[in-house]
Amino acid sequence: MLRIEGLTKTYKTGDKALSEVSFEVPKGQVVGLIGPSGAGKSTLIRCINRLVEPTSGTVHLNDLNVTGLRAGELRRARRRIGMIFQEYALVERLTVMENVLSGRLGYVGFWRSFMRRYPGSDIANAFRLLDRVGLVSHADKRADALSGGQRQRVGIARALAQDPELLLIDEPTASLDPKTSRQIMRLIMEICRERGLPAIINIHDVVLAQQFTDRIIGLQAGRVVFDGPPSGLTETVLTQIYGEEDWTAMRNGAAEDAEAEAEEKAQAEKMLRAL
Amino acid sequence: MSVVSAETPVWAHRTPRKRLLLWAGWLACVALFVWCWERMTQRTIWAFVWDAPTAAADIGSRAFPPRWSYMERLWAPLWDTINIATLGTLLGIMMAVPLAFLAASNTTPSRLILRPVALFVIVATRSINSLIWALLLVSILGPGILAGILAIALRSIGFIGKLLYEAIEETDISQVEAITATGASQGQILTYGIVPQVLPSFYGISVFRWDINIRESAILGLVGAGGIGAQLNSSLNMLAWPQVTLIILVILGTVVVSEWISAKVRHAII
């Protein structure tokens with residue numbers, strides 16, 4: 001499905017963001033891409049749809065060599081790759097519907113998109129997608145009137161409107177609270193399963209990555225240092241990716257938080273009763 | 001217990017050397033001011049200056065009350081003035097918008113040729129006052145409203161162009177990136193990724209410039225470019241002070257109204 005070979009990116013400043021990254025993603029597989037800040041996760045997924053131009057190496061989408069495409073062909077290839085962003089990257093001043101329909105920009109001509117006269121099938125599909133992410137009643141609201149979780153749902157609907165063969169997801173939960181993060185991750189996973197969509201998810205939350213994805217790729221300083229099932233993420237591996245840290249404590253952290261919360265609640269109730 | 005030293009610690013914002021320099025700097029400023037004052041007032045005839053309040057009171061007494069009946073001859077030039085400002089602004093916008101997109105570093109199609117050219121046009125039109133544009137245009141096109149409209153338009157290009165291209169450069173790249181990722185064409189990236197982001201600034205800038213242009217077009221008549229300024233000029237030449245008062249009141253009223261409209265519009269957008 002997706003084949004990356006020897007992908008290398010050196011920025012003009014001389015920073016080597018990626019060096020010789022190679023892996024394949026089969027149809028329907030959801031890959032979690034983990035690694036510390038600056039490891040090249042963002043650069044890697046942006047090299048796949050060439051928002052960032054790779055220095056060398058190739059990206060194949062099925063049999064199409066994305067790295068060798070010229071401008072017009074690249075646009076057609078991008079239509080097949082949906083992308084979901086960290087800060088949602090919605091066009092804030094347009095409505096939810098316009099944002100979802102903007103996923104169709106690669107398929108409609110300039111004037112049609114300018115006059116917002118999208119084909120009926122696109123509009124029907126956009127409503128279906130909004131219904132799927134639970135936002136049909138918000139279709140005519142402006143994007144900046146929504147909450148973070150709702151905005152990310154619009155971002156998901158926009159990516160799906162492209163009718164993609166691959167999803168690239170850049171830190172989908174970094175701007176969301178823990179509960180919303182889980183809901184969004186669950187939604188993304190469900191959608192990938194429904195459609196048999198392969199996805200690459202950049203994610204810095206190791207626990208979320210382990211819980212939701214089929215496979216983990218660990219990046220460290222632009223190199224793949226781990227590639228395997230989520231269960232293979234042992235402490236040694238995590239230390240190799242992120243450096244020294246008390247990993248068991250981090251994993252238990254979530255559970256402890258919940259316990260502490262329950263205790264606090266009990267304490268408060270006791271005090272109320274005493275009154 | 002933490003460490004307690006015998007002396008209270010001393011801290012000063014500036015070192016003694018810096019303080020000394022600061023005082024020297026202030027002294028130099030005062031000396032410069034005194035010297036400039038001497039130069040400026042070398043050729044002042046003080047009798048006139050002491051006489052100024054009397055002269056002002058004299059003109060004031062002759063300027064009141066305003067000659068209200070003159071109003072009937074002001075409506076037409078006032079209408080001209082508003083039209084000069086409005087049409088000039090529209091024309092300016094039409095020329096400034098493409099220039100702004102050529103000049104903004106993130107939308108320009110050519111960094112090496114078109115961008116410097118666009119920036120030069122913006123700076124050039126902005127650096128020449130509309131009164132000077134009007135002087136030039138009156139001598140080219142002859143007196144009249146057309147010269148006024150063009151003068152206002154030319155001066156507005158630089159103003160609108162500069163503020164707009166700055167707004168374009170400040171747009172959020174992630175929205176542009178997201179639109180690019182859908183496979184949109186260059187034109188679509190512009191209309192979906194950038195235009196919605198700069199639209200509020202665009203309306204704000206345009207209305208603000210229209211408001212300034214109302215004020216500027218009121219004086220263009222002084223050099224023969226049409227509008228209420230022509231009446232002001234002839235009234236001043238005839239020493240018809242009550243008419244001058246009326247014209248100034250009319251200009252003041254128009255400016256207040258235009259400012260109110262512009263404030264309302266900007267408030268509604270932002």
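Because the structure is a prediction, the values reported are computed rather than measured.

Student: Just to check I follow, could you spell out the nonpolar core for this structure?
Tutor: Where a protein is soluble and globular, its nonpolar side chains tend to be buried together. Ranked by size, the top nonpolar core spans 78 residues in total, and within it Ile34(A), Val100(A), Leu130(A), Ile156(A), Leu167(A), Leu233(A) and Ile168(B) carry the most contacts. Once you skip the residues sitting within four places of it in the chain, Leu130(A) turns out to touch Val96(A), Met97(A), Val100(A), Leu135(A), Val136(A) and Ala139(A). Residues Ile48(A), Val66(A), Met83(A) and Phe85(A) belong to the second largest nonpolar core, which totals 32 residues.

Student: What should I look at first to understand the domain arrangement of chain A in this one?
Tutor: The domain boundaries assigned to chain A delineate domain 1 (2-244) and domain 2 (245-275). On a C-alpha basis, the centres of domain 1 of chain A and domain 2 of chain A stand 35 Å from each other.

Student: Explain helix H5 (residues 130-141) of chain B here, please?
Tutor: One turn of the α-helix equals 3.6 residues, which is why residues spaced by three or four share an orientation. Residues and elements named next belong to chain B. Between the first and last C-alpha of H5 there are 15 Å, a value that for 12 residues agrees with the 16 Å anticipated at 1.5 Å per step. Buried within H5 are the following residues: Ser130, Trp133, Ala134, Leu137 and Val138. Taken around the axis of H5, the buried residues stretch over an arc of 130°, which confines them to a single face. Facing away from the buried side of H5 by over 90 degrees, the exposed positions are Ser139 and Ile140. Of the surrounding secondary structure, the elements contacted by the buried residues of H5 are helix H4 (114-127), helix H6 (145-169) and helix H8 (186-220). For H5, the side-chain oxygen to backbone nitrogen distance between the N-cap and Leu131 is 2.8 Å, and the N-cap itself is Asn129. Two residues or fewer past H5, Gly142 is found with a positive phi of approximately 85°.

Student: Help me out: how do you make sense of the interface of chain B and chain A in this one?
Tutor: Counting residues at the interface gives 18 residues for chain B and 29 residues for chain A. A combined buried area of about 2000 Å² lies between chain B and chain A, and 62% of that area is made up of carbon and sulfur atoms. For the pair chain B and chain A, the number of links is one salt bridge. Linking chain B to chain A there are eight residue pairs in polar contact (both at pLDDT 80 or more). When contributions to the side of chain B that touches chain A are tallied by element, the ones reaching two or more residues are helix H7 (173-181) and H8 of chain B.

Student: Is there a simple way to explain the confidence of the model for chain A in this structure?
Tutor: Detail in the predicted coordinates should be disregarded across regions flagged by low pLDDT. In the predicted model, chain A carries a mean pLDDT of 88, and 93% of its residues have values of at least 70. Helix H3 (residues 96-101) of chain A holds the highest mean pLDDT among the elements of chain A, 95, whereas helix H10 (residues 247-274) of chain A holds the lowest, 69.

Student: It is not clear to me how empty space enclosed by the protein should be interpreted in this structure. Could you clarify?
Tutor: All names here are of chain B. Counted by the stated rule, this structure contains two cavities of 30 Å³ or more. If you add up the space inside the largest cavity, you get close to 40 Å³. Around the largest cavity, the lining residues are Leu78, Thr81, Ile214, Ala218, Ile228, Ile251, Thr254 and Val255. Breaking the lining of the largest cavity down by element, the ones donating at least two residues are helix H3 (75-103), H8 and helix H10 (241-269). With three residues, the single largest contributor to the lining of the largest cavity is H10. In the lining of the largest cavity, the residues fall into six nonpolar, two polar and no charged.

Student: So what exactly am I meant to see when it comes to the packing of aromatic side chains here?
Tutor: In this description, an aromatic ring pair is defined by two values, namely the gap between the centres and the angle between the planes. Within this structure, the stated rule accounts for six aromatic pairs over all chains. One residue, Arg104(A), lies across the ring of Tyr107(A), its end atom 3.9 Å from the ring centre. Just above the ring of Phe159(B) sits the side chain of Arg209(B); from NZ or CZ to the centre is 4.8 Å.

Reading guide: rules and limits
- Residues numbered from 1 in each chain as written.
- Chains lettered and ligands numbered in written order.
- Predicted model: local features only at pLDDT ≥ 70, side-chain atom pairs only at ≥ 80, totals over all residues.
- Heavy atoms only, no water.
- Core = buried A, V, L, I, M, F, W, Y, C linked by side-chain atoms within 4.5 Å.
- Buried < 20%, exposed > 50% of the residue type's maximum accessible area, 1.4 Å probe, protein only.
- Contact = heavy atoms within 4.5 Å.
- Domains from an automatic or database assignment.
- Helix = DSSP H or I, 4+ residues; strand = E, 2+ residues; numbered from the N terminus.
- Expected span 1.5 Å × (residues − 1).
- Arc of directions from axis to C-beta.
- Polar contact = N/O pair within 3.5 Å; in protein donor to acceptor, adjacent residues only side chain to side chain.
- Buried area = accessible area lost by both parts, 1.4 Å probe.
- Salt bridge = Lys/Arg side-chain N within 4 Å of Asp/Glu carboxyl O.
- pLDDT = per-residue confidence, 0-100.
- 1 Å grid on protein atoms, 1.4 Å probe; cavity = no way out; pocket = protein on both sides within 12 Å on 5 of 7 lines; lining within 4 Å.
- Points joined across faces, edges and corners; volume = space filled by probe spheres on them.
- Nonpolar A, V, L, I, M, F, W, Y, C, P; charged D, E, K, R; others polar.
- Phe/Tyr/Trp six-rings, centres within 6.5 Å; stacked < 30°, edge-to-face > 60°.
- Lys NZ or Arg CZ within 6 Å of the ring centre and 35° of its normal.

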